[in-house]
Amino acid sequence: MMALRNRFHTKQEKLAMLHTDQRYWRFLVQYLTPLRSWVLLLASLIFASIGLQLLNPQIIRYFIDTALTTGATTDGLSAQSSSLLLAAVSFFLATLLLQGVTVAATYVGEDVGWRATNQLRNDLARHALRLDMHFHNSHTPGEMIERLDGDVTEIAIFFAQVVLRVVGNLLLLAGVLLVLGWIDWRVSIALALYAAICLLSLYYGRGWVTPFWEATRQRAADLFSFFAEYLAGAEDLRSSGAVDYTLHTLFRLSHARLTSEVRAGMMDLLFWLMRNGLYVVGQLIAFGFAYWLYTDSLITIGTAYLIIWYNDRLLRPLDEITTQMQNAQKAMAGINRVLALAATASSIRQKGERQLPAGALAVAFEQVTFGYDGDAPVIHDLSFELPAGQVLGLLGRTGSGKTTIARLLYRLYDPNQGLIRLGNGADGVEIRAVDLNELRGRIGMVTQNVQLFQATVRDNLTFFDARITDEQILAALATLGLEEWLRRLPNGLDTELQSEGSSLSAGEAQLLAFTRVFLQAPDLVILDEASSRLDPVTERLIERAIDKLLAERTAIIIAHRLATVQRADQILILQDGRIVEAGPRQQLADDPTSHFATLLQTDLAEVLA
């Protein structure tokens, strides 16, 4: 029974290994197929290189045998000298041509590798941007940079080297064995068996190293994640006295990476020992056969030299394959991580068949419950309706669930329970039935944290959408009263901004965020503490812009301060994810027993902060 179980597990492991290898090859074919013309050119260069490497030792054999014949007899010395000169010149020209072909093959191979992996970077970045926020909350920016750049760089090297060196050397290996078979079948069979043993040993030995290199890639990702997080907060770390803790964390992560690298290096050392042992065995086989055949007068000195030369040509491909397989361990570890990322599915369904109605969108939450970690709900059994074209003022303490409502509407997350509908009354459409791009195109959101890009003012306003004209941008800026600010910029809309926003004040950055929403022209607007970073002068400037933005649109204004919801038609107050009070703003304000009226009378807006 135990033997049967062991055979079963062995079979399962072999099937798993075969499945993994198939994934690798499908991965290669997927990204090399669009570059088929370059791959064919590379294949031609590889075949030319193999032919020249097989031809050159034949010229040397002819030169040696001719020289020995010339030394033994003086007849026809002039003709023999001409033959030797021709052989020497031919060898020189063939060697130069071989070098040229090798350089060209190297260039084309590197070009193919980097073109293929640049497309891979694009695909991975697009896939990562479509993943839900649960994924991004559990993976830091530093880790994602290492996934999208560090792992893919290793794969680029793998793409370039696997075709140029591994496949090329395998073909050279086959060519050498064929030529040796033409010389003496016994030599060819002996060295073919030797080569097969070497390749099998290397093939099955690669499983030793791959898990160790996967661990090093993960340790590197952890370290880059640490750098991204802590360097961004360097000012706070120094001001709060957390420098020693940070250095200790850096030491711990660096030590973990060092330990992982050392373990992987030890496995590489085992490969190196195997390679050198195999090299010695191959040399013994070649020299033994050459000596035996020559002493039996079955071959000439030139042919004996040819066997030694071809044996060296045989060993070099094996050595190259071994080296590239060692390098491939890193690439395969990267491929495994990339395939794992590519296989990660978003919990947010992208496609939908339903269409949202035109115009302002009504909002309806129906018994919605949601928690970020699934176990601790942030909002509980939440139900409310906001008619189309009205403004909802959403109030509550920090952590009461206000921003969560905005994220659910924008489908950064989906509810654990309940439904969210957009539309007009009973005709509302459940948002999970709507195409995600259409949904987010109909909702505009302005938050207190504005993300700027290291790009022009134009690109920051349009999110790199070339369909938005300069006339539309200028009209939106005029609406917000930013014409004077635009005139102060050295290059107008072509002025470069910094990603950290150092070229703009907090108020100006917030105004640019409002301009983005103007250009989007949404039917539902969400303002999440959008005026919290504005000084009184800038806040007054934007009041008229908000009035125009909210005209004939539905809006949700999330606020801590009561003054920011004075334009609201409806008020909804949350506490611990539940509705404390909801109703028309004026009606709640006129009711002295309402929670909202109490806040207005006692001016306790700061309690909600």
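From a predicted model like this one, the values you see are computed outputs, not experimental measurements.

Rules used throughout
- Residues numbered from 1 in each chain as written.
- Predicted model: local features only at pLDDT ≥ 70, side-chain atom pairs only at ≥ 80, totals over all residues.
- Heavy atoms only, no water.
- Helix = DSSP H or I, 4+ residues; strand = E, 2+ residues; numbered from the N terminus.
- Buried < 20%, exposed > 50% of the residue type's maximum accessible area, 1.4 Å probe, protein only.
- Areas by Shrake-Rupley, 256 points an atom, 1.4 Å probe, with all protein chains shown as cover.
- Patch = residues over 30% accessible without salt bridge, like charges linked within 9 Å, V, L, I, M, F, W, Y side chains within 5 Å.
- Salt bridge = Lys/Arg side-chain N within 4 Å of Asp/Glu carboxyl O.
- Pairing = 2+ DSSP bridges.
- Contact = heavy atoms within 4.5 Å.
- Axes fitted to C-alpha atoms, helices over the stretch in contact; angles between N-to-C directions.
- Polar contact = N/O pair within 3.5 Å; in protein donor to acceptor, adjacent residues only side chain to side chain.
- Phe/Tyr/Trp six-rings, centres within 6.5 Å; stacked < 30°, edge-to-face > 60°.
- Arc of directions from axis to C-beta.
- Expected span 1.5 Å × (residues − 1).
- Core = buried A, V, L, I, M, F, W, Y, C linked by side-chain atoms within 4.5 Å.
- Parallel < 35°, antiparallel > 145°, perpendicular 65-115°, else oblique.
- Left-handed = near helix turned anticlockwise from the far one by under 90°.
- Nonpolar A, V, L, I, M, F, W, Y, C, P; charged D, E, K, R; others polar.

Quick notes on the overall build of the protein
The secondary structure content of the protein amounts to 18 helices and ten strands. Within the protein, the fraction of its 609 residues that count as buried is 45%. For the protein, the exposed surface amounts to about 31,200 Å²; the carbon and sulfur share of it is 59%.

Here's the deal with a nonpolar patch on the surface
Residues W208, L258, V262, M266, L269, L270, W272 and L273 make up a contiguous nonpolar surface patch of roughly 780 Å² in combined accessible area. In this fold, W272 is placed in helix 8 (residues 243-295). The partly exposed category is assigned to W272, whose relative accessible area is 41%.

Digging into the pattern of salt bridges
Under the criterion given, the structure shown has 13 salt bridges. Note that R186 is salt-bridged to D184, the shortest N-O span being 3.0 Å. The class for R186 is partly exposed, based on a relative accessible area of 28%. Of the charged contacts in the structure, one is a salt bridge between R458 and D470, with a shortest N-O distance of 2.9 Å. Placement of R458 in helix 12 (residues 457-462) and of D470 in helix 13 (residues 470-480) is noted, with a sequence separation of twelve residues between them. Through salt bridges with shared partners, one network takes in E438, R442 and D523.

What to know about the sheet that holds strand 4 (residues 417-423)
Sheet architecture is open: four strands sit in the order 2-1-4-5, paired in antiparallel fashion. Each having just a single partner strand, strand 2 (379-386) and strand 5 (429-430) make up the two edges of the open sheet. Judged from the six bridges that link them, strand 1 (residues 362-370) and strand 4 form a sheet pairing that is antiparallel. Within strand 4, the residue paired with A362 across the bridge is G423. Contacting strand 1, strand 2 and strand 4, helix 10 (residues 402-409) crosses the sheet at an angle of about 110 degrees to strand 1.

Some thoughts on unusual backbone geometry
Phi is positive for F464, close to 65 degrees, though the residue is something other than glycine. Within the secondary structure, F464 sits in the loop between helix 12 and helix 13. Positive phi, close to 50 degrees, is recorded for A521, a residue that is not glycine. Residue position: A521 is located in the loop between helix 15 (506-520) and strand 7 (524-528). Owing to a relative accessible area of 42%, A521 belongs among the partly exposed residues under this scheme.

Some details on the environment of I558
In this structure, I558 sits in strand 8 (residues 554-559). A sequence separation of 163 residues divides I558 from L395, and the C-alpha atoms of the two residues are 6.3 Å apart. I558 has contacts with L394, K402, T403, A406, I526, L527, D528 and E529, leaving out every residue within four places of it along the chain.

Let's talk about the side chain of K402
Summarising the element assignment, K402 is placed in helix 10. Among the polar contacts listed, one links the side chain of K402 to the backbone oxygen of R397, at a separation of 3.2 Å.

Examining the packing of aromatic side chains
Enumeration according to the criterion identifies six aromatic pairs in this entry. Measuring from ring centre to ring centre gives 5.0 Å for F370 and Y372, while their planes differ by 80 degrees; the resulting arrangement is edge-to-face. Here F370 falls in the buried class, since its relative accessible area comes to 0%. By relative accessible area, which is 26% here, Y372 ends up partly exposed. Look at F370 and Y413: their rings are 5.4 Å apart centre to centre, the planes differ by 50 degrees, and that puts the pair in the tilted class. Here Y413 lies in the loop between helix 10 and strand 4 and F370 lies in strand 1, a separation of 43 residues in the sequence. An identical accessibility class is assigned to F370 and Y413; each is buried.

Focus on helix 13
Those residues of helix 13 that sit buried are I473, A476, L477, T479 and L480. Buried residues of helix 13, viewed axially, fall in a sector of 155 degrees; they line one side.

Considering helix 15
Note on helix geometry: an α-helix contains 3.6 residues per turn, so any two residues three or four positions apart are oriented the same way. With 15 residues, helix 15 should reach 21 Å at 1.5 Å per residue; the first-to-last C-alpha distance of 22 Å fits that figure. Across the 15 residues that make up helix 15, a large majority, 13, are buried. Where helix 15 ends, the next residue or the one after it, A521, has phi of about 50 degrees, a positive value.

As for the nonpolar core
Within the largest apolar cluster, 56 residues are counted, with the highest numbers of intra-cluster contacts made by F27, L120 and L180. Those elements giving two or more residues to this core turn out to be helix 1 (2-32), helix 2 (36-72), helix 3 (77-130), helix 5 (141-183), helix 6 (185-232), helix 8 and helix 9 (301-343). Here this core gets twelve residues from one element, more than from any other, and that element is helix 9. Every residue in contact with L180, bar those within four places of it in the chain, is listed here: W185, V187, S188, L191, I307 and Y310. In terms of nonpolar packing, the next biggest core, distinct from the first, is built from 42 residues, L395, L527, I546 and A568 among them.

Some details on the packing of helix 13 against helix 15
The N-to-C vectors of helix 13 and helix 15 enclose an angle of 130 degrees; their axes lie 9 Å apart at closest approach. It follows that helix 13 is oblique to helix 15 by the angle criterion. For helix 13 against helix 15, the interelement crossing comes out right-handed. Contacts between helix 13 and helix 15 involve Q472, I473, A476, L477, T479 and L480 from the first element and L511, L512, F514, T515, F518 and L519 from the second. Across the contact of helix 13 with helix 15, the residue classes tally to nine nonpolar, three polar and no charged.

Things to note about the sheet that holds strand 10 (residues 578-584)
Spatially, the six strands line up as an open sheet ordered 6-7-8-3-9-10, and their pairing is mixed. Looking at the sheet topology across the chains shown, the edges are occupied by strand 6 (443-447) and strand 10. Strand after strand, the sheet turns through a mean of 15 degrees between neighbouring axes, direction not considered. Across five bridges, strand 3 (residues 391-396) lies against strand 8 in parallel orientation. Residue pairing in the sheet places L394 in a bridge with I558 of strand 8. In this fold helix 10 packs onto strand 3, strand 6, strand 7, strand 8 and strand 9 (570-575), with an angle of close to 150 degrees to the strand it touches most, strand 8. Its contacts with the sheet put helix 15 on strand 6 and strand 7, and the angle it makes with strand 6 is roughly 180 degrees.

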